[in-house]
Amino acid sequence: MTDSHQDRAPFHSAVLNALEDGLLVVGDDRKVRWYNPALARTLGIRQKDAIGMEFGSLLETYFLPIIEDDDSMQLLRHVLENGADLPSLLCRARTPDGTRRWISVSSKQAFPVTGQRLIKIRDATADLHAHHFRVALDQSPVVVFVQDEELRYIWSYNQQLGSTDTSIIGMREEDVFPENAEHLSALKRRVLETGESVRAAVTFTVAGEQRVRDLTLKPFRDVSGEIVGVAGTAFDVTERNRVEEMLREKTHELKKRMDELRCLYTITHLVETPGMTLDKLLQAVADTLPMGWQYPDYTGVRITVDGRDYFRGDPADSAWTQESPIAVHGKQVGEIEVRYLADIPEGGKGPFLPEEQMLLDAISKRLGRIIERLQVEAALEESEETFRGIAQRSFDLIVTSYLDDGLNYVSPAMERILGYSPEEMVGTDWEDYILPTSLLTWKEGRRRVLRGEQIEGLKIEVRRKNGETAILELNESPIIEKKAIVGFQVIGRDISERILHERLREQAFDMTERNIAQFAVLADHVRHPLQVIMGVADLLDDEAVAAKLREQVRRINLQISELDREWMESRKIREFLKRYEL
């Protein structure tokens, strides 16, 4: 072919070739008469011999394969092959280079005389993107604009600060935003001069309300790359700034509360420090308190308790002070004073926060309770020391036993009684020493004391370290903590010798009883023969012999009467001894 498709153009080819839309002319014989370069680029047509190609073949070869929507493909095939007019149809397509695009196709009879039909294939992707762009920005807090080198607005979309998108065209900053004109112009000139992007937050006043916009300014370049203006976006961040400000305030408040909690925790931890005295504690509290206030570096503290002062920082007077009393058992014993040692920004009622006064009051109350506790602990320690001294010197054994730990305290008297040292017995159980003959008695007593009863006079037999048997008399009482019985205490003594003496005494009483009885029998046995002798003396003729016999009988009777008297005295003494258990 000697002529090209350009030569067959129905009108001036230079104009048609400059179009971005693809154009295709089909004759009445349904053969391709002409197409422009835009169509060749869109469909990837590179052969000049496409001129004269049957339109259906060109359609199947170059156009329909790039359409991704089957319904659109069927409609296009039907309309274009039948030569019907087609309004603009938007199809999803993938161009030969693999790019996804939106293609707009339309068809109409352009030259009725010749019967030629004009088909326009246009890349509508940019238009669709622009539409999506406008839909997304519409009623959003984002504004888009372009200004020329003289900083006149040449395009705007979504303006929301009074002016409309059309009314702002041709205006400068002093016409639209007079209050911010100088600042805005300086930012935009910097973009024009440096070619760099600039981002800044600018506050505008609209209808008496302040609005904050986050501006992003970029150089606007022509096709040759020359800077010909400024393109920018403005994002309304008023609400976001308010939220961020509230968040900063809340964060600051949270940090203050954390500082206060850390201050309270530190003070609580100080109390638990081993060897902590009241003097050390009060000084440590004075050193710790500033961390709970807004300006710890400028905070001074004075704690007064029972006339003694504990300082942190310069004790000089200050215009700003807070005080809180320290009370122990309802009586004020001192106070805590917090003061600022330098000029501090003042709030509504001075530089101190209400929460700081609350913290100070909480610490003073806690110090009061701590002092009460220390006093109680000191009294308890003194009482325990006194008790321990008594227990250490007592001749009676004292033992405390907890349910889970066995014997946990054994007084020194146990070593004298059983031969075991307290160290040997701690951690063991009573059952390790009680003889089998007394186990039932012991267990019954333990059951009763663990029910809350007091047990007195419990006698048990135990084994000494040397193997001998000892008899103990015990008094038991429960140990109660937090309304629960957790163990029991035993106080007892060794009654082995007393039991032995009681047995010997009983034996002596029995022997005495037998001797008294024998005395009575003996007297009876002696008196009967004496009566016989007296009868014989009365029958004797020899008065001298009879008189001697009567004298001897009288003497014997006197001895027997003395025995009777001593017998009566012995009975009285025995009854007295038994009555008073002597």
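Residue indices follow the written sequence of each chain, beginning from 1 at its first position. Whole-chain, interface and lining totals are the exception, using all residues; otherwise, since this is a predicted model, local features are given only for residues with pLDDT of at least 70 and side-chain atom pairs are given and counted only at 80 or more. For the side-chain quantities, the full set of heavy atoms in the structure was used; hydrogens and water were omitted.

### Some remarks on the overall build of the protein chain
Helix and strand counts for the protein chain come out as 15 helices and 19 strands. Taken across its 582 residues, the protein chain has 35% of its residues classed as buried. Contact between two residues is taken to exist if any of their heavy atoms lie within 4.5 Å; hydrogens are not considered. Relative to all contacts within the protein chain whose residues are 6 or more apart in sequence, the contacts with residues 24 or more apart total 46%. Summing over all exposed atoms, the protein chain offers an accessible surface of approximately 34,800 Å²; the carbon and sulfur share of this is 53%. Secondary structure elements are taken from DSSP: a helix is a run of H or I of four residues or more, a strand is a run of E of two residues or more, and numbering for both begins at the N terminus. For each residue, the accessible area found with a 1.4 Å probe, counting protein chains only, is set against the maximum for its type, and the residue is called buried under 20%, exposed over 50%, and partly exposed in between. Here, Shrake-Rupley sampling with a 1.4 Å probe gives the accessible areas, and only protein chains in the shown set may cover a residue.

### Quick look at the environment of arginine 369
Examined against the element boundaries, arginine 369 turns out to sit in helix α10 (residues 354-393). Expressed as a C-alpha distance, the spacing of arginine 369 and isoleucine 326, which sit 43 residues apart in the sequence, is 9.1 Å.

### A few points about the layout of surface pockets
One water molecule sets the probe size; rolling that probe over the atoms shows where empty space is left. The volume enclosed by the largest pocket comes to roughly 400 Å³. Ala38, Arg41, Thr42, Thr95 and Asp123 are the residues nearest the centre of the largest pocket, which is lined by 16 residues in total. If you list the elements that add at least two residues to the lining of the largest pocket, you get α2 (37-43), β4 (100-111) and β5 (116-123). Broken down by element, the lining of the largest pocket gets its largest block of residues, four residues, from α2. Nonpolar residues are Ala, Val, Leu, Ile, Met, Phe, Trp, Tyr, Cys and Pro. Charged residues are Asp, Glu, Lys and Arg, and all others, Gly as well, are polar. By residue class, the composition of the lining of the largest pocket is five nonpolar, three polar and eight charged. Grid spacing is 1 Å over the protein atoms alone, the probe is 1.4 Å, and a cavity is where that probe fits but cannot get out, while a pocket is an open set with protein on both sides within 12 Å along at least five of seven lines and lining residues have an atom within 4 Å of a point. Grid points are joined across faces, edges and corners, and a volume is the space filled by probe spheres set on the points.

### Side note on the pairing of strand β15 (residues 397-402)
A large share of β15 lies buried, amounting to five of its six residues. Sheet topology places β15 next to strand β19 (residues 484-494); six bridges connect them, and they run antiparallel. Its bridge partner being in β19, isoleucine 398 is matched across the sheet by isoleucine 491. When DSSP finds two or more bridges between a pair of strands, those strands are recorded as paired. When β15 meets strand β16 (residues 406-410), the two strands line up antiparallel, connected through four bridges. Across the sheet, the residue bridging to valine 399 is valine 410, located in β16.

### Some details on empty space enclosed by the protein
A full pass over the atoms with the stated rule returns two cavities of 30 Å³ or more. Here the largest cavity is characterised by a volume of approximately 70 Å³. Taken together, Phe145, Tyr153, Gln159, Phe177, Leu184, Lys188, Phe204, Arg213, Leu215 and Ala234 make up the lining of the largest cavity. Secondary structure elements with two or more residues in the lining of the largest cavity: α7 (181-194) and β9 (209-221).

### Quick look at the sheet that holds strand β17 (residues 455-463)
Taken in spatial order, the five strands make up an open sheet running β16-β15-β19-β18-β17, and their pairing is antiparallel. What marks the edges here is a single partner per strand, and that holds for β16 and β17. If you compare each strand with its neighbour and ignore which way they point, the axes differ by 35° on average. Of the strand pairs in this sheet, strand β18 (residues 469-481) and β19 are connected by 10 bridges, and their pairing is antiparallel. When the sheet's bridge partners are listed, serine 477 is paired in β19 with glutamine 489. Angles shown run from 0 to 180 degrees and are taken between the N-to-C directions of axes, each axis being a line fitted to C-alpha atoms and, for helices, limited to the stretch in contact. Along the sheet, helix α13 (residues 436-450) makes contact with β17, β18 and β19, crossing β17 at roughly 145°.

### Brief notes about the nonpolar core
Here, nonpolar core means buried Ala, Val, Leu, Ile, Met, Phe, Trp, Tyr and Cys residues that are tied together by side-chain atoms lying within 4.5 Å of each other. Ranked by size, the top nonpolar core spans 30 residues in total, and within it Leu24, Tyr35, Phe63 and Leu76 carry the most contacts. Among the elements of the structure, β1 (22-26), β2 (32-35), α2, α3 (55-63), α4 (70-82), β3 (86-94), β4 and β5 are those that each provide at least two residues to this core. At five residues, the largest contribution of residues to this core is made by α3. Sequence-distant contacts of leucine 24, that is, excluding residues within four places in its chain, are made with Val32, Trp34, Tyr35, Leu39, Phe55, Leu58, Arg117, Leu118 and Ile119. In this structure, Ile303, Val328, Val338 and Leu367 belong to the second largest nonpolar core, which totals 29 residues.

### Examining the pattern of salt bridges
Whenever a carboxyl oxygen of Asp or Glu lies within 4 Å of a side-chain nitrogen of Lys or Arg, that contact is scored as a salt bridge. If you walk through the whole model with that rule in mind, you get 33 salt bridges. For arginine 33, the salt bridge goes to aspartate 29, with nearest N and O atoms at 3.6 Å. The salt bridge partner of aspartate 123 is arginine 101, with a shortest N-O separation of 2.9 Å. Of this pair, aspartate 123 sits in strand β5 while arginine 101 sits in strand β4; the two residues are 22 residues apart in sequence, bridging distant segments of the chain. On the basis of relative accessible area, arginine 101 is assigned to the partly exposed category, the value being 25%. Each of Glu209, Arg211, Asp236, Glu239 and Arg242 takes part in salt bridges that share partners, so that together they form one network.

### Side note on the sheet that holds strand β13 (residues 321-328)
The strand order β12-β11-β14-β13 describes an open sheet built from four strands, whose pairing is antiparallel. Only two strands of the sheet have a single partner each, and these edge strands are β12 (308-312) and β13. Each strand axis lies, on average, 15° off the axis of its neighbour in the sheet, ignoring direction. Bridge analysis of strand β11 (residues 299-305) against β12 gives five bridges, and the strand direction is antiparallel.

### Things to note about a nonpolar patch on the surface
Together, Ile154, Trp155 and Phe220 make up a nonpolar patch on the protein surface, roughly 250 Å² of accessible area in all. When you line up the elements, tryptophan 155 lands in strand β7 (residues 153-157). Looking at tryptophan 155, the relative accessible area reads 32%, which means it is partly exposed. Patch rule: a residue counts if its relative accessible area is over 30% and it has no salt bridge; like charges are joined within 9 Å, and nonpolar side chains (Val, Leu, Ile, Met, Phe, Trp, Tyr) within 5 Å.

### Some remarks on the side chain of serine 156
By the secondary structure assignment, serine 156 is in strand β7. Setting aside anything within four residues of it in sequence, one finds serine 156 in contact with Val144, Phe145, Asp165, Ile168 and Ile169.

### Considering unusual backbone geometry
Note on backbone geometry: most residues besides glycine have negative phi, and most peptide bonds are trans. Unlike most non-glycine residues, aspartate 306 shows phi in positive territory, near 50°. Relative to the assigned elements, aspartate 306 resides in the loop between β11 and β12. According to the relative accessible area criterion, aspartate 306 is exposed, its value standing at 60%. Unlike most non-glycine residues, histidine 329 shows phi in positive territory, near 55°. A relative accessible area of 56% places histidine 329 in the exposed class.

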